[in-house]
Amino acid sequence: MDNEEKKTAPAPSVPEEESEFSDALKIEEPEEKPEEAVEEKEEPKEKEAPAPKEEKKKEEPVVYTYDDPNLANIEAARAAFLKSYKGMGKWTFIPTLLLIAGIVLAWLIPGVIMPNDTSGLALGLSLGIVGVLLIVMLVLSFLKRKKTNAMMKDYFGKFYTYTDEYVFHGTGVTNLEGNIDSKLSKEEFDECDLYKDVFSVGSRASLVFKYGGKKCGIADAAAQIRGQKAALTVFVGKFFRAPNAYKGDPLVIYLKGNDRALPPTNIDGLPIIHEDKEMVVRGSNLAKKYFTKRLRDAVKAIRTDDTLVDVTIKIEEGRTFVLLGYEDTLMVLPMEKPFNPYPTEHYRADMKKVFALVDAIDGLKGPRKTLEEAEAEIMEESKEEPEAKPGKKPEEKPELPKA
């Protein structure tokens, strides 16, 4: 899942419209025949000198500041990979140059050595030389691809190792397991039941860990359905799941995003119990009482923008799913351009909010409570406030001074 500011295009200039009245400039002719008017020739206008072209300024390379050693290590790993990759160019240029030279010599040398050969030996020698050169080219190409894949895997592994150390440090996460090759299965993705007809799930860096004694998981994932002509992506981002102590009907909360958002496609059967400009909450009337103030506050803390495109949260008995839809600035690893730390910093802040949400779902406040205590507190918060007595206005809270 870099932030680019949207620029408003300048309004196009509106051309002057011709008069709608076709006879607006007509003059009535006098009864007497007028003198023939002498046509005045317009003097040729001097050609205006073309405006000097503005010289394009060279784009200066972007320089980022890395406030954490892990972020700096990501950029160092990227720069080392790019340097090595560019150095691999000789594996293509030099063999290609040798192949061209070999082909030329393969046709010239046999003719010089055997100018009067009629047996076809010279032609066979030429073809043999070309064949050997082609085999050498294929071997070198295979070795280059193998070497490149190894360098890329090493860089990707370092990228995720440093990212995980940065994102999960200080969050209470323990026993972190998984690497770049760890996969999220389609069956695991389908457990959230938020999307229809998913036929393919691509993933990488599927991690499992413990948070508050719970075994949780998160993975980079992209889910697709079959379109008329090609596969269509219905989700791309971070797929988080965790157990919970929730007892109640399922709740689905969707945080709205921009035009790049991909809302869940399998929730129309759940009625809408709350909607505003930021979110849509679906569930039964029985589930409505569990959407407490503490849970609402935890959800509202997660804000969508140009990096975090949208968020889908599903809460059901025993399981919580949080699907964070991220932009390519986070989901696509940097190669040629310097590593922009902002999306990763954004991801770290988002995960802290996700863990706070996990706590809020279990009714936690301060020290951890037992399941019975959590349920009792949730029921207490769900009680409606008493209505104000008629004729009496509720006390108005004094306005705080503006900063």
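The residue numbers shown here count from 1 along each chain, following its written sequence. In view of the model being predicted, local features appear only for residues whose pLDDT reaches at least 70, and side-chain atom pairs are presented and counted only at 80 or more, with totals across whole chains, interfaces and linings using the full set of residues. Hydrogens and water molecules were not included; the side-chain quantities draw on all heavy atoms of the structure.

**Considering the environment of Asp350**
Turning to step 1, where the next piece is worked out: Positionally, Asp350 belongs in helix H8 (residues 342–361).
Turning to step 2, where the next piece is worked out: Between the alpha carbons of Asp350 and Ile302 there is a distance of 6.6 Å; along the sequence they are 48 residues apart.
Turning to step 3, where the next piece is worked out: Those residues in contact with Asp350, other than ones at most four positions away along the chain, are Leu308 and Tyr326. Going along the chain from the N terminus, every DSSP run of H or I of four or more residues is numbered as a helix, and every run of E of two or more is numbered as a strand. Only heavy atoms enter the contact rule, under which two residues are in contact if any of them lie within 4.5 Å.

**Re the packing of aromatic side chains**
Turning to step 1, where the next piece is worked out: The aromatic pairing rule takes the rings of Phe, Tyr and Trp, using the six-membered ring of Trp, and pairs them if the centres are within 6.5 Å, calling planes under 30 degrees apart stacked, those over 60 edge-to-face and the rest tilted. In the structure shown here, the tally under the stated rule is 18 aromatic pairs.
Turning to step 2, where the next piece is worked out: Between the aromatic rings of Tyr195 and Phe235, the centroid separation amounts to 6.3 Å while the plane-to-plane angle is 45 degrees, which identifies the pairing as tilted. A residue pair is termed long-range when its members are at least 10 positions apart, and Tyr195 in the loop between helix H4 (186–190) and strand S2 (200–211) and Phe235 in strand S4 (residues 231–243) qualify at 40 residues. Residue Tyr195 shares its accessibility class with Phe235, and that shared class is buried. For the exposure calls, accessible area comes from a 1.4 Å probe over protein chains only, and a residue counts as buried if that area is under 20% of its type's maximum, exposed if over 50%, partly exposed in between.

**Quick word on empty space enclosed by the protein**
Turning to step 1, where the next piece is worked out: Put simply, the grid is 1 Å and covers the protein atoms alone, a cavity is a trapped set of points that fit a 1.4 Å probe, a pocket is an open set with protein on both sides within 12 Å along at least five of seven lines, and lining residues have an atom within 4 Å of a point. Grid points are joined across faces, edges and corners, and a volume is the space filled by probe spheres set on the points. Size it by volume and the second largest cavity reaches roughly 60 Å³.
Turning to step 2, where the next piece is worked out: Considering the residues around the second largest cavity, the lining is formed by Tyr160, Thr163, Asp164, Phe168, Ala205, Leu207, Ile218, Ala219, Asp220, Lys238 and Tyr347.
Turning to step 3, where the next piece is worked out: Elements represented by at least two residues in the lining of the second largest cavity include exactly helix H3 (121–168), S2 and strand S3 (214–226).
Turning to step 4, where the next piece is worked out: At 4 residues, the largest contribution of residues to the lining of the second largest cavity is made by H3.
Turning to step 5, where the next piece is worked out: In the scheme used here, Gly and all other residues not listed as nonpolar or charged are polar, with Ala, Val, Leu, Ile, Met, Phe, Trp, Tyr, Cys and Pro taken as nonpolar and Asp, Glu, Lys and Arg as charged. Among the residues forming the lining of the second largest cavity, the class breakdown is 7 nonpolar, 1 polar and 3 charged.

**Here's the deal with the nonpolar core**
Turning to step 1, where the next piece is worked out: Residues belong to a common nonpolar core when they are buried Ala, Val, Leu, Ile, Met, Phe, Trp, Tyr or Cys residues joined through side-chain atoms within 4.5 Å. Core analysis: the biggest nonpolar cluster contains 56 residues, and Phe168, Phe209, Phe240, Leu251, Ile253, Met351 and Leu357 have the highest contact counts within it.
Turning to step 2, where the next piece is worked out: Beyond its immediate chain neighbours, meaning those up to four positions away, Leu251 contacts Tyr246, Ile273, Val281, Arg282, Ala287, Tyr290, Phe291, Leu295, Ile313, Lys314 and Ile315.
Turning to step 3, where the next piece is worked out: Phe189, Ala221, Ala223 and Ile267 belong to the second-largest nonpolar core, a separate cluster that totals 17 residues.

**Observations concerning the confidence of the model for the chain**
Turning to step 1, where the next piece is worked out: Scored between 0 and 100, pLDDT is the confidence that the predictor attaches to each residue. Looking at the chain, the pLDDT average stands at 79 and 69% of residues meet or exceed 70.
Turning to step 2, where the next piece is worked out: Ranking the helices and strands of the chain by mean pLDDT puts strand S9 (residues 319–326) first, with 98, and helix H9 (residues 371–382) last, with 55.
Turning to step 3, where the next piece is worked out: Taken together, the stretch residues 1–42 has pLDDT below 50 and engages in 20 contacts with residues farther than four places along the chain or on a different chain.

**Considerations on helix H6 (residues 293–300)**
Turning to step 1, where the next piece is worked out: Listed as buried for H6 are Arg294, Leu295, Ala298 and Val299. Along the axis of H6, the buried positions cluster into a sector of 135 degrees, meaning they face one direction only. The arc refers to the directions leading from the helix axis to the C-beta atoms.

**Points about the pairing of S3**
Turning to step 1, where the next piece is worked out: Looking at chain direction, S2 and S3 are connected through 10 bridges and run antiparallel. Looking at S3, one finds that Val201 is bridged to Ala223.
Turning to step 2, where the next piece is worked out: Following DSSP output, two strands are said to pair if at least two bridges run between them. In terms of strand pairing, S3 meets S4 through 10 bridges, oriented antiparallel. Bridge pairing links Ala222 to Val236 in S4.
Turning to step 3, where the next piece is worked out: Connecting S3 to the antiparallel partner S4 that follows it, the hairpin turn spans 4 residues.

**Some remarks on the side chain of Ser182**
Turning to step 1, where the next piece is worked out: You can see Ser182 is positioned in the loop between strand S1 (173–177) and H4.
Turning to step 2, where the next piece is worked out: With residues near it in sequence (within four places) discarded, Ser182 still touches Arg204, Ala205 and Ser206.

**Focus: the pairing of S2**
Turning to step 1, where the next piece is worked out: Sheet topology places S1 next to S2; 3 bridges connect them, and they run antiparallel. When the sheet's bridge partners are listed, Glu177 is paired in S2 with Val208.
Turning to step 2, where the next piece is worked out: Adjacent in sequence and paired antiparallel, S2 and S3 are bridged by 2 residues, among which Gly212 carries a positive phi angle near 60 degrees.

**Some remarks on the sheet that holds strand S6 (residues 272–275)**
Turning to step 1, where the next piece is worked out: The 9 strands are arranged S1-S2-S3-S4-S9-S8-S5-S7-S6 in an open sheet whose pairing can be described as antiparallel. One side of each edge strand has no neighbouring strand; the edge strands of this open sheet are S1 and S6. The average angle at which neighbouring strand axes cross in this sheet is 20 degrees, direction not considered.
Turning to step 2, where the next piece is worked out: Note on definitions: angles span 0 to 180 degrees between N-to-C directions of axes, and those axes are lines fitted to C-alpha atoms, for helices only across the stretch in contact. Where H6 meets the sheet, its contacts fall on strand S5 (251–255), strand S7 (279–283) and strand S8 (308–316), and the angle it forms with S5 comes to roughly 35 degrees.
Turning to step 3, where the next piece is worked out: Most of the contacts of H8 go to S9, to which it runs at about 160 degrees, and overall it touches S1, S2, S3, S4, S8 and S9.

**Regarding the environment of Val104**
Turning to step 1, where the next piece is worked out: Tracing the backbone shows Val104 in helix H2 (residues 90–113).
Turning to step 2, where the next piece is worked out: Given the relative accessible area of 44%, Val104 is considered partly exposed.
Turning to step 3, where the next piece is worked out: Sequence separation between Val104 and Val130 is 26 residues; the distance between their C-alpha atoms is 9.4 Å.

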